[in-house]
Amino acid sequence: QVRLVESGGGSVQAGGSLRLSCTYSSSTSCMGWFRQAPGKEREGVASVFTDAGTYYTDSVKGRFTISRDNAKNTVTLQMNGLKLEDTAMYYCAATYTPRATCLSRALVPARIYLWGQGTQVTVSS
């Protein structure tokens with residue numbers, strides 16, 4: 001059974017950087033990060049397929065970078081240029097989907113097989 005363990009997150013001023021890491025017990029084809037702000041639905045942030053192909057939601061393009069290291073069973077989200085609106089609980093996600101689904105906005109919460117416990121990211125002015 002796949003298990004996900006997250007680390008990183010915290011509080012930072014606008015414009016700063018944070019790095020989230022997620023270690024998984026066994027690999028799945030599609031790994032990603034979602035976030036959920038208070039009163040809002042959980043949304044996809046970025047995803048990465050086994051061939052290292054990536055996808056980013058429009059609001060984080062050019063600021064966030066997702067990567068996976070299959071040898072170390074780790075997926076990382078490097079977040080630069082953080083904005084107030086990036087404040088949310090961030091969740092690591094693992095699932096088995098075709099590449100086209102993984103690397104698109106079709107990767108919605110209902111398609112996720114396993115979630116991490118979540119890590120808080122707070123951006124202040």
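Refer to the structure above for everything that follows.
Residues numbered from 1 in each chain as written. Predicted model: local features only at pLDDT ≥ 70, side-chain atom pairs only at ≥ 80, totals over all residues. Heavy atoms only, no water.

(A) Molecular detail of the pairing of strand 3 (residues 18-24). Here strand 3 lies mainly inside the structure; five of its seven residues are buried. Bridge count between strand 1 (residues 4-8) and strand 3: five bridges; the pairing is antiparallel. What sits directly across from leucine 4, in strand 3, is tyrosine 24. (Buried < 20%, exposed > 50% of the residue type's maximum accessible area, 1.4 Å probe, protein only. Helix = DSSP H or I, 4+ residues; strand = E, 2+ residues; numbered from the N terminus. Pairing = 2+ DSSP bridges.)

(B) Representation of the sheet that holds strand 7 (residues 64-69). Reading across the sheet, the four strands line up as 1-3-8-7 and stay open at both edges, with antiparallel pairing between neighbours. Lying at the two open borders of the sheet, with one neighbouring strand each, are strand 1 and strand 7. Shown here is a sheet whose adjacent strand axes are inclined to one another by a mean of 15°, direction ignored. Relative to strand 8 (residues 74-79), strand 3 runs antiparallel, the two sharing six bridges. Each residue of the ladder has a partner; that of cysteine 22, found in strand 8, is valine 75. (Axes fitted to C-alpha atoms, helices over the stretch in contact; angles between N-to-C directions.)

(C) Local environment of the pairing of strand 11 (residues 119-124). Of the two faces of strand 11, the one holding Thr119, Val121 and Val123 is buried and the one holding Gln120, Thr122 and Ser124 is not buried anywhere. Pairing of strand 2 (residues 10-13) with strand 11, which is carried by four bridges, proceeds in the parallel orientation. Bridge pairing in strand 11 links glycine 10 to valine 121. When strand 9 (residues 88-95) meets strand 11, the two strands line up antiparallel, connected through three bridges. The residue of strand 11 that forms the bridge with alanine 88 is valine 121.

(D) Structural context of the environment of valine 48. Along the polypeptide, valine 48 turns up in strand 5 (residues 43-49). C-alpha of valine 48 to C-alpha of cysteine 30: the two residues are 18 residues apart in sequence and 6.0 Å apart in space. For valine 48, the contacting residues outside a window of four places in its chain are Ser29, Cys30, Met31, Gly53, Thr54, Ile66, Arg68, Val75, Cys102 and Leu103. (Contact = heavy atoms within 4.5 Å.)

(E) Region of the structure containing the pattern of salt bridges. Counted under the stated rule, the structure contains five salt bridges. Between arginine 35 and aspartate 86 there is a salt bridge, with its nearest N and O atoms 2.9 Å apart. Taken together, the positions of arginine 35 in strand 4 (residues 30-36) and aspartate 86 in the loop between strand 8 and strand 9 put the pair 51 residues apart, joining distant regions of the chain. The pair formed by arginine 35 and aspartate 86 is uniform in burial state, with each residue classed as buried. In this structure, aspartate 58 and lysine 61 form a salt bridge, with 3.0 Å as the shortest nitrogen-oxygen distance. (Salt bridge = Lys/Arg side-chain N within 4 Å of Asp/Glu carboxyl O.)

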